[in-house]
Number of protein chains: 4
Amino acid sequence: MDEKDTDRLEAFSDGVFAVAITLLILDIKILPLDPSGKLPKDPQLWSMLLGQWPALLAFVTSFSTIGVMWLNHHRLFKHIERTDTGLLLLNLLLLLLIVFVPVPTSLAAEYLAHPDQHVAALVYSGTFLLLACCFIVLWRYATYHNRLIGKDTDQRAVTAISRQYLFGPLFYLITFGLAWINVPACIILNFVLALFFAFPGHPLRHIATATEKCLNFFSKDDQSREATKNDKFD
Amino acid sequence: MDEKDTDRLEAFSDGVFAVAITLLILDIKILPLDPSGKLPKDPQLWSMLLGQWPALLAFVTSFSTIGVMWLNHHRLFKHIERTDTGLLLLNLLLLLLIVFVPVPTSLAAEYLAHPDQHVAALVYSGTFLLLACCFIVLWRYATYHNRLIGKDTDQRAVTAISRQYLFGPLFYLITFGLAWINVPACIILNFVLALFFAFPGHPLRHIATATEKCLNFFSKDDQSREATKNDKFD
Amino acid sequence: MDEKDTDRLEAFSDGVFAVAITLLILDIKILPLDPSGKLPKDPQLWSMLLGQWPALLAFVTSFSTIGVMWLNHHRLFKHIERTDTGLLLLNLLLLLLIVFVPVPTSLAAEYLAHPDQHVAALVYSGTFLLLACCFIVLWRYATYHNRLIGKDTDQRAVTAISRQYLFGPLFYLITFGLAWINVPACIILNFVLALFFAFPGHPLRHIATATEKCLNFFSKDDQSREATKNDKFD
Amino acid sequence: MDEKDTDRLEAFSDGVFAVAITLLILDIKILPLDPSGKLPKDPQLWSMLLGQWPALLAFVTSFSTIGVMWLNHHRLFKHIERTDTGLLLLNLLLLLLIVFVPVPTSLAAEYLAHPDQHVAALVYSGTFLLLACCFIVLWRYATYHNRLIGKDTDQRAVTAISRQYLFGPLFYLITFGLAWINVPACIILNFVLALFFAFPGHPLRHIATATEKCLNFFSKDDQSREATKNDKFD
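Described in the following lines is the structure provided in the data block. Note that the structure is predicted; figures quoted are calculated from it, not measured. (Residues numbered from 1 in each chain as written. Chains lettered and ligands numbered in written order. Predicted model: local features only at pLDDT ≥ 70, side-chain atom pairs only at ≥ 80, totals over all residues. Heavy atoms only, no water.)

## Brief notes about the nonpolar core
Reasoning step 1: Counting residues in each nonpolar core, the largest one holds 279 residues, and the members touching the most others are I80 of chain A, I80 of chain B, I80 of chain C together with I80 of chain D.
Reasoning step 2: Residues in contact with I80 of chain C, not counting those within four places in the same chain, are T6, L87, L138, W139, A142, L148 and I149 of chain C. (Core = buried A, V, L, I, M, F, W, Y, C linked by side-chain atoms within 4.5 Å. Buried < 20%, exposed > 50% of the residue type's maximum accessible area, 1.4 Å probe, protein only. Contact = heavy atoms within 4.5 Å.)

Shown next, in the form of structure tokens:
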């Protein structure tokens with residue numbers, strides 16, 4: 001049993017997140033040759049670049065989602081202080097799904113311009129739905145009777161994370177449903193959800209907090225520090 | 001001679017493990033065009049996705065195996081405190097085999113649906129057999145007369161690892177043999193072996209421990225902590 | 001809110017920078033077969049290699065730019081001691097642009113030999129222009145009323161960085177303009193700018209400092225140490 | 001000027017080394033289809049795998065060389081304690097060459113089976129020749145008048161490294177010359193050189209030390225520890 005050091009687990013996870021997030025770019029290929037085997041001229045190239053919007057939208061959405069999931073992984077492991085085989089395996093499962101993301105992203109990019117086709121968007125949203133569930137299982141496993149949590153961890157912070165994460169599968173179920181109705185809207189909602197999970201705290205008070213944050217952006221230092229503190233204990 | 005810091009060795013190894021495990025996904029390519037050059041419609045896409053099961057099975061098996069080998073690498077280097085040129089070279093050999101894994105994985109994925117062809121499965125199991133041997137050599141090199149082991153290392157833990165690892169080549173020899181008989185069974189056994197090596201301790205008491213663990217999963221904190229401790233001294 | 005540790009943020013960013021900078025090489029492909037399906041002979045191979053100069057120039061320029069941007073990221077995070085959600089998101093935006101660099105690099109490599117086509121060079125310089133702006137926003141966000149800066153940070157160092165970074169968008173605007181006039185000159189200026197931002201300190205005193213540095217290179221240790229110190233307080 | 005922490009420099013370099021060494025595997029592609037569009041049967045697959053020996057030899061040689069260069073990078077940075085802009089730029093140049101290695105490796109793999117063609121082997125050996133020179137320049141820059149070296153660094157260790165590294169360009173010049181005469185011999189000599197630079201210490205006493213090491217492999221712990229210490233002060 002490996003207790004006390006989550007350092008190498010985090011380093012390895014960081015590595016996998018970093019490689020997976022970067023490999024997303026390999027899907028954006030601007031074909032340099034037109035059908036007659038020549039390089040396209042400037043006006044053609046412009047329209048080719050603009051025609052890549054589905055690939056770019058899918059890239060930005062998946063990048064944001066993986067990025068914010070890294071951020072949440074980071075947040076969880078600030079509370080998790082010990083590891084055991086169960087946690088290591090759950091973490092590997094999480095990483096497996098993260099590594100899988102480029103495949104549905106590529107599918108979604110291909111099918112975004114064909115809004116009558118829904119399978120690609122279903123697979124895309126389904127992957128994120130699974131990831132959201134996986135986060136909950138990992139967190140529940142680690143916090144169950146403080147199994148792997150530090151003794152001086154703020155229980156309110158733990159509960160706040162547990163509560164926020166419950167909304168994950170719920171919200172991704174909505175994007176999953178949206179995939180049957182409108183594919184671009186589904187991708188865009190996935191992007192909005194990524195931003196949503198970037199901010200910690202209770203979802204119902206979330207929009208209020210976000211607005212407050214925007215207002216505080218250029219306000220005085222002390223005030224914003226206080227806002228940050230309050231936010232912590234939501 | 002580099003003594004006392006295995007930090008950068010571990011960081012570099014983590015990086016190689018992380019990149020190799022992520023590159024596995026590059027093999028899963030869902031061709032977005034059918035033979036007539038058009039995107040397949042939804043029903044076609046479903047059957048294309050389902051037709052990718054050999055690639056997915058090979059991906060999941062190799063991901064698990066590399067993941068659990070990372071985990072074991074991590075476990076060994078909790079005991080190894082010093083490095084020398086021999087260890088660095090043996091570690092490089094281990095990493096070379098890890099980096100090689102995507103090649104047999106790609107082969108296995110291609111040939112899983114052709115169960116009368118055995119070469120791909122032989123190469124696949126053979127790679128893991130070599131890796132299991134390489135782990136034993138590295139561990140024996142490091143522990144021989146406590147060459148690179150910390151002074152206060154628990155000798156029982158060292159012996160437990162040595163004993164468990166002996167089963168590695170043995171078990172992988174069985175998958176190697178199975179490759180001659182049934183290719184999918186060989187791949188699935190490789191997956192089961194990955195899970196097996198995720199749990200530390202004596203193989204004969206292993207199934208018992210696993211069951212105990214399952215029972216302890218939702219039991220009280222103190223009990224599971226004790227179970228963990230006992231497990232350490234097997 | 002995550003305060004006090006930027007360690008994992010830096011580790012993850014290092015990972016993304018490292019993968020993105022290495023993926024640049026995937027664009028340099030020396031086709032091993034000539035049109036008749038045979039390997040080219042030695043003289044042909046020479047001319048094929050020499051014909052790759054646009055890809056090599058674009059590779060070296062993008063490698064230098066990402067490398068120096070990593071260096072500046074490193075420099076900023078020596079002053080930034082805390083993180084909050086805003087910083088994490090701005091950092092993700094920065095990484096998204098870094099990950100995107102291989103795409104315009106590939107375009108620039110393709111179009112360098114066609115100096116009458118300007119779109120590729122515009123996209124190339126535009127990406128770096130956005131990156132320079134992103135660096136300013138991240139730095140301003142972190143330093144605004146010392147939001148995330150250490151208390152004992154040298155205010156002069158902070159101001160020096162703020163002042164130097166203002167020149168970033170300015171200089172990249174020049175390369176953006178140059179893209180309309182002369183494509184190779186635009187790429188080469190981008191390379192020169194990368195070197196420029198490798199050196200910290202005030203841009204107007206920069207060429208003087210660089211010369212001084214060259215002279216000090218083989219001069220006595222004490223003198224060069226002093227030159228370094230002065231440079232710090234520019 | 002960034003002084004005192006080479007931590008992030010090492011982390012970033014580790015990342016680049018790890019990605020570059022892993023990307024080498026992308027060159028080994030076993031085509032799963034024969035010319036008639038079918039999967040090859042077992043006997044064909046065997047001969048196809050055996051026919052990949054040039055790619056495998058080039059892969060193993062480049063992997064070993066990058067791996068041992070990482071090892072030497074690691075060795076140098078145990079002595080280097082401070083960084084400045086010059087060191088950061090020289091390190092970037094070193095990493096650029098490391099990242100470039102997959103290109104000549106791919107070329108060498110393609111041309112190994114055509115021993116009358118020498119350009120590929122020249123480019124291959126030339127890259128390593130440049131890398132060996134780059135290592136010397138970086139080391140000389142860091143050690144010149146103890147510019148970036150720790151105060152309590154053993155001067156004999158510094159001198160030993162300086163002396164060993166001088167043999168680098170010399171030996172790689174020999175492989176460069178060999179590329180004109182015999183291509184496979186050139187690749188194999190590169191592999192031997194990688195092993196050679198894995199062992200620290202004076203080259204002339206090297207073969208003796210290596211033999212001694214082999215003999216000590218299964219000898220008593222104390223003796224081998226002493227042998228290691230002596231080796232340090234060569």
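## Points about a positive patch on the surface
Reasoning step 1: On the surface, a cluster of positive charge is contributed by K29 of chain A, K29 of chain B, K29 of chain C together with K29 of chain D.
Reasoning step 2: Here K29 of chain A shows up in the loop between α1 (7-23) and α2 (42-50). (Patch = residues over 30% accessible without salt bridge, like charges linked within 9 Å, V, L, I, M, F, W, Y side chains within 5 Å. Areas by Shrake-Rupley, 256 points an atom, 1.4 Å probe, with all protein chains shown as cover. Salt bridge = Lys/Arg side-chain N within 4 Å of Asp/Glu carboxyl O. Lys, Arg positive; Asp, Glu negative; His and termini not counted. Charge placed at Lys NZ, Arg CZ, Asp CG, Glu CD. Helix = DSSP H or I, 4+ residues; strand = E, 2+ residues; numbered from the N terminus.)

## Brief notes about the packing of aromatic side chains
Reasoning step 1: For the coordinates displayed, the defined rule picks out 36 aromatic pairs over all chains.
Reasoning step 2: A ring pair is formed by W70 of chain A and F12 of chain C, whose centres lie 4.2 Å apart and whose planes are at 10 degrees; its orientation type is stacked. In this pair, W70 of chain A is assigned in helix α3 (residues 53-79) and F12 of chain C in helix α1 (residues 7-23), connecting two distinct chains. F12 of chain C carries the same exposure label as W70 of chain A, and that label is buried.
Reasoning step 3: Considering the side-chain rings of F135 of chain D and Y165 of chain D, the 6.0 Å spacing of their centres and the 90 degrees angle between planes classify their relative orientation as edge-to-face. Of this pair, F135 of chain D sits in helix α6 (residues 119-143) while Y165 of chain D sits in helix α7 (residues 155-181), placing them 30 residues apart in sequence. Y165 of chain D carries the same exposure label as F135 of chain D, and that label is buried. (Phe/Tyr/Trp six-rings, centres within 6.5 Å; stacked < 30°, edge-to-face > 60°.)

## Some details on the relation of the copies chain D and chain C
Reasoning step 1: Under the fitted operation, chain D is carried onto chain C by 0.0 Å of movement along the axis and a turn of 90 degrees, and the coordinates agree to an RMSD of 0.0 Å. Expressed as a symmetry operation, the mapping of one chain copy onto the other fits a four-fold axis.
Reasoning step 2: Little of the interface of chain D is mirrored in chain C, where only 8% of its interface residues are also at the interface. (Least-squares fit on C-alpha atoms with pLDDT ≥ 70 in both.)

## Side note on the packing of helix α3 (residues 53-79) of chain C against helix α4 (residues 85-100) of chain D
Reasoning step 1: Interhelical geometry of α3 of chain C versus α4 of chain D gives an angle of 135 degrees and a closest axis separation of 10 Å. Between α3 of chain C and α4 of chain D, the interaxial angle falls into the category oblique. In the packing of α3 of chain C onto α4 of chain D, the handedness of the crossing is right-handed. In contact with L56, F59, V60, F63, G67, V68, W70, L71 and R75 of chain C of α3 of chain C, α4 of chain D contributes T85, L88, L92, L95, L96, V99 and F100 of chain D.
Reasoning step 2: Here the contact of α3 of chain C with α4 of chain D is built from residues that sort into 13 nonpolar, two polar and one charged. (Axes fitted to C-alpha atoms, helices over the stretch in contact; angles between N-to-C directions. Parallel < 35°, antiparallel > 145°, perpendicular 65-115°, else oblique. Left-handed = near helix turned anticlockwise from the far one by under 90°. Nonpolar A, V, L, I, M, F, W, Y, C, P; charged D, E, K, R; others polar.)

## Here we look at the interface of chain A and chain B
Bring the parts together and some accessible area is lost; that lost area is often taken as the interface size.
Reasoning step 1: Every contact between the two is made by 39 residues of chain A and, on the other side, 47 residues of chain B.
Reasoning step 2: In total, about 4000 Å² of surface goes out of reach between chain A and chain B, with carbon and sulfur atoms giving 71% of it.
Reasoning step 3: Counting the contacts that link chain A with chain B gives two salt bridges.
Reasoning step 4: R8 of chain A is the partner of E10 of chain B in a salt bridge, and the nearest nitrogen-oxygen pair spans 3.3 Å.
Reasoning step 5: Seen at the junction of chain A and chain B, the total is three residue pairs in polar contact (both at pLDDT 80 or more).
Reasoning step 6: Those elements that place two or more of their residues in the side of chain A that touches chain B are α1, α4 (85-100), α5 (102-111) and α6 (119-143) of chain A.
Reasoning step 7: Here the side of chain A that touches chain B takes nine residues from α1 of chain A, the largest share from any one element.
Reasoning step 8: Classifying every residue of the side of chain A that touches chain B gives 24 nonpolar, seven polar and eight charged. (Buried area = accessible area lost by both parts, 1.4 Å probe. Polar contact = N/O pair within 3.5 Å; in protein donor to acceptor, adjacent residues only side chain to side chain.)

## Looking at the relation of the copies chain A and chain B
In this structure, two copies of a chain are linked by a rotation about an axis accompanied by a shift along it.
Reasoning step 1: Placing chain A over chain B gives an RMSD of 0.0 Å and needs a rotation angle of 90 degrees, together with 0.0 Å of translation along the axis.
Reasoning step 2: In this assembly the copies use different faces: only 8% of the residues contributing to the interface of chain A also contribute to that of chain B.

## Details of helix α8 (residues 183-198) of chain D
Reasoning step 1: Helix length check: α8 of chain D, at 16 residues, gives a terminal C-alpha distance of 23 Å against a target of 22 Å (1.5 Å per residue), a fit within 8%.
Reasoning step 2: One side-chain oxygen at the N-terminal end of α8 of chain D lies 3.2 Å from the backbone nitrogen of A185 of chain D; it belongs to N182 of chain D. (Expected span 1.5 Å × (residues − 1).)

## As for the interface of chain D and chain C
Reasoning step 1: At the interface, 39 residues of chain D touch 47 residues of chain C.
Reasoning step 2: Roughly 4000 Å² is buried in total at the junction of chain D and chain C, and carbon and sulfur atoms are behind 71% of that figure.
Reasoning step 3: The tally of links between chain D and chain C comes to two salt bridges.
Reasoning step 4: Ionic pairing is found between D14 of chain C and R8 of chain D, a salt bridge with its closest N-O pair at 2.6 Å.
Reasoning step 5: For the pair chain D and chain C, the interface holds three residue pairs in polar contact (both at pLDDT 80 or more).

## Details of the pattern of salt bridges
Reasoning step 1: Summed over all chains, the structure comprises 12 salt bridges over all chains.
Reasoning step 2: Salt-bridge contacts for D154 of chain A lead to R156 of chain A; the nearest nitrogen and oxygen are separated by 3.7 Å.
Reasoning step 3: Overall, R156 of chain A belongs to the exposed group, its relative accessible area being 55%.
Reasoning step 4: Within this structure, R8 of chain A together with E10 and D14 of chain B form a network of salt bridges that share partners.

Shape descriptors only; they carry no functional weight alone.
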